[in-house]
Amino acid sequence: MNFHEEILANGYGCELKIQFNRLITPSEFYSIVHEIIENIAKELINNKAKIGHIKLYVKTSSGYLSADTIDLKYGININSSISNSENSFILVINIIAIKIDKNNIAKITNETLDKISQKYNFSKILIKNNFIHL
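For clarity, every value in this text was computed on a predicted model and none was experimentally measured.

The subject of this paragraph is helix α2 (residues 102–120). The terminal C-alpha atoms of α2, which comprises 19 residues, lie 27 Å apart, in line with the 27 Å expected from a rise of 1.5 Å per residue. If you check the start of α2, you find a side-chain oxygen 2.9 Å away from the backbone N of Asn-103, and it comes from Asp-101. Positive backbone phi, approximately 55°, marks Asn-121, located one or two places after α2.

Structure, rendered in structure tokens:
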């Protein structure tokens, strides 16, 4: 890459309400969050994108969870203070990637969430979308 060549980064973020039909333990939700980030990262990489970051935040009545990665080879960091089993969560995802347009980032994110929601039987209500062009 030429030193003067512009690097184009795009992003997508969304806020969702996640509702399960049963109580989910903190460790179960930790695993689901890990799977969401891992699958989004794999799909970005499969689409030849370079990950700037994938950040995920969860708010519940008993605490918060934050998770992030800059690439799967560096792992996924998850910190949680969620202390009780719950069935409702507010989930915020923010993704920045290079060499992929914002619409494809959104598509990958939403398809991943659809697949995981079917696997774990939860519903999701979109609260807000946000497209980012850097």
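The next point concerns unusual backbone geometry. Within the chain, Lys-99 stands out as a residue other than glycine whose phi angle is a positive 70°. Here Lys-99 shows up in the loop between β5 (86–98) and α2. Classification of Lys-99 as exposed rests on a relative accessible area of 67%.

Across all of its chains, the model carries one cavity of 30 Å³ or more by this definition. Its boundaries defined by the atoms lining it, the largest cavity holds a volume of some 40 Å³. Taken together, Ile-18, Phe-20, Phe-29, Ile-32, Val-33, Ile-36, Leu-91 and Phe-122 form the lining of the largest cavity. Listed by contribution, the elements that provide at least two residues to the lining of the largest cavity are β1 (9–24) and α1 (26–46). A per-element tally of the lining of the largest cavity places α1 first, with four residues. Broken down by class, the residue content of the lining of the largest cavity amounts to eight nonpolar, no polar and no charged.

This paragraph deals with the nonpolar core. Judged by nonpolar contacts, the single largest core of 36 residues is most densely connected at Leu-44, Leu-56, Val-58 and Ile-93. If you list the elements that add at least two residues to this core, you get β1, α1, β2 (50–60), β3 (63–69), β5 and α2. Looking at this core element by element, the count peaks at eight residues for α1. If we ignore the near neighbours within four places in the chain, the residues touching Val-58 are Phe-29, Val-33, Gly-63, Tyr-64, Leu-65, Ile-82, Phe-89, Ile-90 and Leu-91.

Now for the pattern of salt bridges. Summed over the entire model, instances satisfying the criterion amount to five salt bridges. Between Asp-114 and Lys-124 there is a salt bridge whose closest N-O contact spans 2.5 Å. Taken together, the positions of Asp-114 in helix α2 and Lys-124 in strand β6 (residues 122–133) put the pair 10 residues apart, joining distant regions of the chain. Taking the relative accessible area as the measure of exposure, Asp-114 reaches 33% and is therefore partly exposed. Relative accessible area serves as the criterion here: at 30%, Lys-124 is assigned to the partly exposed category.

Rules used in this analysis
Residues numbered from 1 in each chain as written. Predicted model: local features only at pLDDT ≥ 70, side-chain atom pairs only at ≥ 80, totals over all residues. Heavy atoms only, no water. Helix = DSSP H or I, 4+ residues; strand = E, 2+ residues; numbered from the N terminus. Expected span 1.5 Å × (residues − 1). Polar contact = N/O pair within 3.5 Å; in protein donor to acceptor, adjacent residues only side chain to side chain. Buried < 20%, exposed > 50% of the residue type's maximum accessible area, 1.4 Å probe, protein only. 1 Å grid on protein atoms, 1.4 Å probe; cavity = no way out; pocket = protein on both sides within 12 Å on 5 of 7 lines; lining within 4 Å. Points joined across faces, edges and corners; volume = space filled by probe spheres on them. Nonpolar A, V, L, I, M, F, W, Y, C, P; charged D, E, K, R; others polar. Core = buried A, V, L, I, M, F, W, Y, C linked by side-chain atoms within 4.5 Å. Contact = heavy atoms within 4.5 Å. Salt bridge = Lys/Arg side-chain N within 4 Å of Asp/Glu carboxyl O.

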